Amino acid sequence: MAIPEEIQEFVEKHIKLMISQTETYLPFIKVAFPYSKNVADGVYNLIMGSALSIFINQYTMRMKYPTAEEFSEFGKIALKYRDQVDQFFT
């Protein structure tokens, strides 16, 4: 079972918003975490953790639970944004 289109769109809009905010806060992030070995991983995990919360919340509002397959699909969605986050830190 695939993720319902409206949930996928909502999650992807949230991810894109978070990525655009990363661009805005990039100078602060680099100054605030000068000793971090991989800031990109931290930022990516923060964005995807937030997106996962949104993903689950969208199902909850519909009185449903995501299946294992839908969680797997979420992972595929998240992965396609990995390179966009990495670009900020190269």
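Everything discussed here concerns the structure shown above.
Residues numbered from 1 in each chain as written. Predicted model: local features only at pLDDT ≥ 70, side-chain atom pairs only at ≥ 80, totals over all residues. Heavy atoms only, no water.

*Asks:* Run through the overall build of the protein chain, naming residues and quoting values.
*Replies:* Broken down by element type, the protein chain carries four helices and zero strands. Of the regular secondary structure in the protein chain, the N- to C-terminal order runs α-α-α-α. Buried positions account for 34% of the 90 residues belonging to the protein chain. Partitioning the contacts of the protein chain with sequence separation of at least 6, the portion at a separation of at least 24 is 81%. When the accessible area of the protein chain is evaluated, it comes to approximately 6100 Å², of which 60% is carbon and sulfur surface. On the protein chain, the mean spot of the 9 positive side-chain charges and the mean spot of the 11 negative ones are 4 Å from each other. (Helix = DSSP H or I, 4+ residues; strand = E, 2+ residues; numbered from the N terminus. Buried < 20%, exposed > 50% of the residue type's maximum accessible area, 1.4 Å probe, protein only. Contact = heavy atoms within 4.5 Å. Areas by Shrake-Rupley, 256 points an atom, 1.4 Å probe, with all protein chains shown as cover. Lys, Arg positive; Asp, Glu negative; His and termini not counted. Charge placed at Lys NZ, Arg CZ, Asp CG, Glu CD.)

*Asks:* Describe the nonpolar core, and please don't skip the residues or the numbers.
*Replies:* Val11, Ile15, Ile19, Ile47, Met48 and Phe55 are the most contacted members of the largest nonpolar core, which has 23 residues in total. Elements with a minimum of two residues in this core: α1 (5-32), α2 (39-61) and α3 (68-79). At nine residues, the largest contribution of residues to this core is made by α2. Ignoring any residue separated from it by four or fewer positions in sequence, one finds Phe55 in contact with Ile3, Ile7, Val11, Pro66, Glu70, Phe71 and Phe74. (Core = buried A, V, L, I, M, F, W, Y, C linked by side-chain atoms within 4.5 Å.)

*Asks:* How would you explain the packing of aromatic side chains if you had to name every residue and give the values?
*Replies:* Applying the stated rule across the entire model yields three aromatic pairs. Ring centres of Phe55 and Tyr59 lie 5.1 Å apart, and the angle between their planes is 70°; this geometry places the pair in the edge-to-face category. Pair noted here: Phe55 and Tyr59 are both in helix α2, with a separation of four residues, about one helical turn. Aromatic pair Phe55 and Phe71: ring centres 5.6 Å apart, planes at 65°, arrangement edge-to-face. Linking Phe55 in helix α2 with Phe71 in helix α3, this pair joins segments that are 16 residues apart in sequence. Looking at Phe55, the relative accessible area reads 1%, which means it is buried. In this arrangement the basic side chain of Arg82 is found over the ring face of Tyr44, its NZ or CZ atom lying 4.4 Å from the centre. (Phe/Tyr/Trp six-rings, centres within 6.5 Å; stacked < 30°, edge-to-face > 60°. Lys NZ or Arg CZ within 6 Å of the ring centre and 35° of its normal.)

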